[in-house]
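# Fold and contact review
For reference, the chains in residue letters:
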Amino acid sequence: NAGVTQTPKFQVLKTGQSMTLQCAQDMNHNSMYWYRQDPGMGLRLIYYSASEGTTDKGEVPNGYNVSRLNKREFSLRLESAAPSQTSVYFCASSSDNPGTEAFFGQGTRLTVV
Amino acid sequence: QKEVEQNSGPLSVPEGAIASLNCTYSDRGSQSFFWYRQYSGKSPELIMFIYSNGDKEDGRFTAQLNKASQYVSLLIRDSQPSDSATYLCAGFNTGNQFYFGTGTSLTVIP
């Protein structure tokens, strides 16, 4: 029972490099999310997807792109990494029922040098 | 203004005491609220959720919701050192998105 799986767990990038963070869930959830977590800032929503083929910007979308490839997978792409994007990234998923929780992946610790 | 505001603390309580964590929210249409616990270097994990006005109890934890005041709280009774973590308040807003507060760091002193 995997739940939400993120890859990679750790990554170091040089400024200007690109990379894609992968996320997959096996709970048949419609909604998926990408958050970043910085000290003292809590979890900030980057992008949200309510269903396959739909995405919406969250609180801090600049510098990121996303793809909802299918119901299971939601990827986050950094086209040209900047030191300000050094953070811990979490993918999450939830059902559409307002009373149900969001389930989180194990996180990706990204450092941009 | 963030949709969910929390006192970031840190909050320290002695073992066995009651820890009180609070948050306020701005979206009056938000339907559900959640408390997550996050240990250092780990993912958030759900403790409780609440969507009706009043109190909801689960073991040592009690969540309280006051929709008129747009206020959510979490009480931890008989606090244990293992409760030391960051506690995140989250709301499920009218856009069907989870928005999180900045978290409150709790330390339970043996």
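Remember, it's a predicted structure, so these values are computed and weren't measured experimentally.

### Focus on the packing of aromatic side chains
The full count for this structure, using the stated rule, is 15 aromatic pairs over all chains. Ring centres 6.1 Å apart and planes at 90° place the aromatic pair A:Phe90 and A:Phe104 in the edge-to-face group. Of this pair, A:Phe90 sits in strand β9 (residues 87-94) while A:Phe104 sits in strand β10 (residues 103-104), placing them 14 residues apart in sequence. Considering the side-chain rings of A:Phe104 and B:Phe100, the 5.8 Å spacing of their centres and the 70° angle between planes classify their relative orientation as edge-to-face. Here A:Phe104 is found in strand β10, whereas its partner B:Phe100 is found in strand β10 (residues 98-100) on a different chain. As far as burial versus exposure is concerned, A:Phe104 and B:Phe100 are alike and both buried. Grouped by ring-pair contacts, the aromatic residues A:Tyr33, A:Tyr35, A:Tyr48, A:Phe90, A:Phe104, B:Phe34, B:Tyr36, B:Phe49, B:Tyr51, B:Phe92, B:Phe98 and B:Phe100 constitute a single cluster. Residue placement shows B:Lys56 over the ring face of B:Phe49; its charged tip is 3.7 Å from the ring centre.

### Notes on the interface of chain A and chain B
The partner chain B presents 21 residues to the 25 residues of chain A that form the contact. When chain A packs against chain B, close to 1800 Å² is buried across both sides, 54% of that on carbon and sulfur atoms. On inspection of chain A and its partner chain B, the count reaches 0 salt bridges. Elements that contribute at least two residues to the side of chain A that touches chain B include exactly β4 (31-38), β5 (42-51) and β9 of chain A. When residues of the side of chain A that touches chain B are assigned to their parent elements, the largest contribution, 5 residues, is made by β5(A). A class-by-class count of the residues in the side of chain A that touches chain B yields 10 nonpolar, 10 polar and 5 charged.

### With respect to the pattern of salt bridges
Side-chain pairing between opposite charges can occur once the charged atoms of the two side chains come close. All chains considered together, the criterion is met by 6 salt bridges over all chains. Where A:Arg77 meets A:Glu79, a salt bridge forms, and the shortest distance between an N and an O atom there is 3.1 Å. Of the residues examined, A:Arg77 reaches a relative accessible area of 31% and is grouped as partly exposed. Of the charged contacts in the structure, one is a salt bridge between B:Asp83 and B:Arg60, with a shortest N-O distance of 2.9 Å. Of this pair, B:Asp83 sits in the loop between β8 (71-76) and β9 (85-92) while B:Arg60 sits in the loop between β6 (54-58) and β7 (61-66); the two residues are 23 residues apart in sequence, bridging distant segments of the chain. Through salt bridges with shared partners, a single network forms among A:Arg36, A:Asp38 and A:Arg44.

### Considering the pairing of strand β3 (residues 19-25) of chain B
All names here are of chain B. Because side chains alternate across β3, one face comprises the buried residues Ala19, Leu21, Cys23 and Tyr25, and the other comprises Ser20, Asn22 and Thr24, none of which is buried. In this sheet, β3 lies alongside strand β1 (residues 4-6) in antiparallel orientation, the contact comprising 3 bridges. Residue pairing across strands places Glu5 opposite Thr24, the latter belonging to β3. Examined bridge by bridge, β3 and β8 share 6 bridges and lie antiparallel to one another. The residue of β8 that forms the bridge with Ser20 is Leu75.

### Concerning unusual backbone geometry
Of note, the bond from A:Thr7 into A:Pro8 is cis; its omega dihedral lies within 30 degrees of zero at -5°. By the secondary structure assignment, A:Pro8 is in the loop between β1 (4-7) and β2 (10-13). Even without being a glycine, A:Asn28 presents a positive backbone phi close to 60°. Of note, A:Asn28 is situated in the loop between β3 (19-25) and β4. Residue classification places A:Asn28 among the exposed residues on the basis of a relative accessible area of 57%. In this structure, B:Asp78 takes a positive phi of about 50° despite not being glycine.

### Observations concerning the side chain of A:Ser94
Mapped onto the elements of the fold, A:Ser94 is located in strand β9. Within the local environment of A:Ser94, its side chain forms a polar contact with the side chain of A:Tyr33, the two groups lying 3.0 Å apart. Ignoring anything within four residues of it in the chain, the contact list for A:Ser94 reads A:His29, A:Asn30, A:Ser31, A:Tyr33, A:Glu101, A:Ala102 and B:Phe98.

The rules behind these values
- Residues numbered from 1 in each chain as written.
- Chains lettered and ligands numbered in written order.
- Predicted model: local features only at pLDDT ≥ 70, side-chain atom pairs only at ≥ 80, totals over all residues.
- Heavy atoms only, no water.
- Phe/Tyr/Trp six-rings, centres within 6.5 Å; stacked < 30°, edge-to-face > 60°.
- Helix = DSSP H or I, 4+ residues; strand = E, 2+ residues; numbered from the N terminus.
- Buried < 20%, exposed > 50% of the residue type's maximum accessible area, 1.4 Å probe, protein only.
- Lys NZ or Arg CZ within 6 Å of the ring centre and 35° of its normal.
- Contact = heavy atoms within 4.5 Å.
- Buried area = accessible area lost by both parts, 1.4 Å probe.
- Salt bridge = Lys/Arg side-chain N within 4 Å of Asp/Glu carboxyl O.
- Nonpolar A, V, L, I, M, F, W, Y, C, P; charged D, E, K, R; others polar.
- Pairing = 2+ DSSP bridges.
- Polar contact = N/O pair within 3.5 Å; in protein donor to acceptor, adjacent residues only side chain to side chain.

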